[in-house]
Structure formats: structure tokens, C-alpha cells
Number of protein chains: 2
Amino acid sequence: MNRQAINFQQKLALFAEPWQPRVVAEMNDYQFKLVRLAGDFVWHAHADTDEVFIVLEGRLRIDFRDGAVELAAGEMFVVPKGVEHKPFADGEAKVLLVEPRGVVNTGDAASERTARNDVWV
Amino acid sequence: MNRQAINFQQKLALFAEPWQPRVVAEMNDYQFKLVRLAGDFVWHAHADTDEVFIVLEGRLRIDFRDGAVELAAGEMFVVPKGVEHKPFADGEAKVLLVEPRGVVNTGDAASERTARNDVWV
């Protein structure tokens, strides 16, 4: 068993590209991923799973077709499965995502934003 | 769908007792729980699941039978299923736990530390 704590700032310092989630840990069949969000993402949904956003730094807005939620550092939100959403950050937000292994960042909406999956840092 | 961000500090302000996890969110069949840790917990293991500790404030040590890991704020650790562990905080640590719904805090070691499960805040 690895006895090293996972330090979010140390891990975030290892990559700069926005919208490219990096896996930092697995719990059972779930993954914890760090990501830098900046500007507008694409509308998408995950048909089979909820998705957790935990904001570590900065501010994040998650748009829905009928509203939005605003998140600051120290706040989390669970996007229910099947619900269309579009993350947006004015500036840069550093975010911890939690979702099952194998979930693609753009869900049902493949685009230039679709990141390679299961990349660890 | 609830459109409210979950603010960890606001939720933590609603209870003071240590070692009493409070559920703040569910993702699929997993729960996110806030807990205040202070002093020594009991040795225990969870036979069926890994367990995630994310430190929000303070410092946490997790003892194992053959070592320990030290966690500061902004750090996480995954205790693998079946591995005996004993959390310890010198002072108070505020921690976010992630584990499947139904996991009891003392695992296989019922004691005076065993908390009522599935209590939301």
C-alpha cells in the first residue's frame, strides 16, 4: 500500500492545460480527478452516472437548461445523471471531480473538448 | 433538482460533536460525509470497501499496523478495503469522507465510537 498523502496543489502544479482531467486516486471503481476549468465547456450529459464537482480554488458556474448553480472554493455540487449541464469558469477554477472509472468528460457530446480518459498525474 | 451548492464550512457549523459523520450529498450509491475528528479513534477495517479521507482543515494521521500516513488540509488518502486503520487528530481535523451508502464508521469494530449511520446535515 502506498503511504503517501495525495496533495492537490502539488498534483495541480504538474499540468497547466484546462479541461484535461487527471486521475489522482481510485476508490473501488470510482476515480478522483483534478481539472483546471477556464471559460466555457460544452453542453453534455452523463446517461449512467451522477457527477461530483468540488471546487478547490476559484469560482465555477454550472449551467442547466433551466438555471444555474454557482460554486466557490469549499463548495460541492452533484449533477444528477442524465441532466444536461455546461460548466463555465470566469478565470480559472481548480476542481476535484468524482465519478466512476471510464466516464468521459464530454459525456454524450464528443467534441474538441473531449479529453483522453484515465490519464493519471 | 436542488440548485444549492453544498458549502462545507456552513455545514460543519451545524454540528460540533467529533466522530459523528454527517451526510451532505449522495452520488449514485455513494455518500459524502463531513466529520470532525479529535483525538484517537478505534482500530477497525471495512471488509467490503475502500474509504476516502479528504482533509479540509487541521491535520490527520491515519495509523496502520505497520506504519502511518500524515494528512494536512488539501490532501486526501484512500484506505484500501480490509486494511486495519486508526485515525488520530492532535487537535481537531475537519474531514470529508467518501464511501458507499451504509458504511458504518467503526467498520468491523463496534464500540462507543460507533455513530448512528445516514444522519444528514
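Residues numbered from 1 in each chain as written. Chains lettered and ligands numbered in written order. Predicted model: local features only at pLDDT ≥ 70, side-chain atom pairs only at ≥ 80, totals over all residues. Heavy atoms only, no water.

> Go over the pattern of salt bridges with me, naming the residues and quoting the values.
All names here are of chain A. In total, this model carries 20 salt bridges over all chains according to the counting rule given. Of the charged contacts in the structure, one is a salt bridge between Arg101 and Glu26, with a shortest N-O distance of 2.9 Å. Linking Arg101 in the segment after β8 (85–100) with Glu26 in strand β2 (residues 22–27), this pair joins segments that are 75 residues apart in sequence. Among the residues examined, Arg101 registers a relative accessible area of 42% and is labelled partly exposed. A salt bridge links Glu92 to Arg36, with the shortest nitrogen-to-oxygen separation between them at 2.9 Å. Placement of Glu92 in strand β8 and of Arg36 in strand β3 (residues 30–40) is noted, with a sequence separation of 56 residues between them. In this structure Glu92 comes out as partly exposed when scored by relative accessible area, which is 35%. (Salt bridge = Lys/Arg side-chain N within 4 Å of Asp/Glu carboxyl O. Helix = DSSP H or I, 4+ residues; strand = E, 2+ residues; numbered from the N terminus. Buried < 20%, exposed > 50% of the residue type's maximum accessible area, 1.4 Å probe, protein only.)

> So what about the nonpolar core? Which residues, and what values?
Judged by nonpolar contacts, the single largest core of 32 residues is most densely connected at Phe32(A), Met76(A), Phe32(B) and Met76(B). Residue contacts for Met76(A): discarding those within four places in its chain leaves Val52(A), Phe53(A), Ile54(A), Leu71(A), Ala5(B), Ile6(B), Phe8(B), Val24(B), Ala25(B) and Phe32(B). (Core = buried A, V, L, I, M, F, W, Y, C linked by side-chain atoms within 4.5 Å. Contact = heavy atoms within 4.5 Å.)

> Go over the environment of Ala72(B) with me, naming the residues and quoting the values.
Residues and elements named next belong to chain B. Its location among the elements puts Ala72 in the loop between β6 (67–71) and β7 (75–79). C-alpha separation for the pair Ala72 and Leu56, spaced 16 residues apart in sequence, amounts to 8.0 Å. If we ignore the near neighbours within four places in the chain, the residues touching Ala72 are Val55, Gly58 and Arg59.

> I'd love a proper account of the packing of aromatic side chains, names of residues and values included.
All names here are of chain A. Going through the model one piece at a time under the given rule, you end up with five aromatic pairs over all chains. A centroid spacing of 4.5 Å and a plane angle of 20° characterise the contact between Trp19 and Phe41, whose relative ring orientation is stacked. Here Trp19 is found in the loop between α1 (8–12) and β2, whereas its partner Phe41 is found in the loop between β3 and β4 (51–57), with 22 residues between them in sequence. Across the pair, Phe41 and Trp19 agree in class, each one buried. (Phe/Tyr/Trp six-rings, centres within 6.5 Å; stacked < 30°, edge-to-face > 60°.)

> Run through the interface of chain A and chain B, naming residues and quoting values.
Taken together, the contact between chain A and chain B spans 38 residues of the former and 38 residues of the latter. At the boundary of chain A with chain B, the tally comes to two salt bridges. Notably, a salt bridge pairs Asp66(A) with Arg3(B), separated by 2.8 Å at the nearest N-O pair. Looking at the side of chain A that touches chain B, the elements that each hand over two or more residues are β1 (6–7), β2, β3, β4, β6 (67–72), β7 (75–79) and β8 of chain A. Split into classes, the residues belonging to the side of chain A that touches chain B amount to 23 nonpolar, seven polar and eight charged. In the sheet, β7(A) pairs with strand β1 (residues 6–7) of chain B via two bridges, with the strands oriented antiparallel. Residue pairing in the sheet places Met76(A) in a bridge with Ile6(B) of β1(B). (Nonpolar A, V, L, I, M, F, W, Y, C, P; charged D, E, K, R; others polar. Pairing = 2+ DSSP bridges.)

> With reference to specific residues and values, describe unusual backbone geometry.
Leaving glycine out, the prevailing phi sign among residues is negative, and the prevailing peptide bond configuration is trans. A positive phi angle, close to 60°, is found at Asp118(A), a residue other than glycine. Position of Asp118(A) among the secondary structure elements: in the segment after β8. Residue Asn28(B) is not a glycine yet carries a positive backbone phi of 55°. With respect to the helices, strands and loops of the structure, Asn28(B) is situated in the loop between β2 (22–27) and β3 (30–40). For Asn28(B), a relative accessible area of 22% corresponds to the partly exposed category.

> Lay out the relation of the copies chain A and chain B in plain terms, naming residues and giving numbers.
With an RMSD of 0.0 Å, the operation that places chain A on chain B is a rotation of 180° combined with a shift of 0.0 Å along the axis. Within this description, the copies of the chain are treated as partners about a two-fold rotation axis. Here 100% of the contact residues of chain A are again contact residues in chain B; the copies associate through an equivalent surface. (Least-squares fit on C-alpha atoms with pLDDT ≥ 70 in both.)

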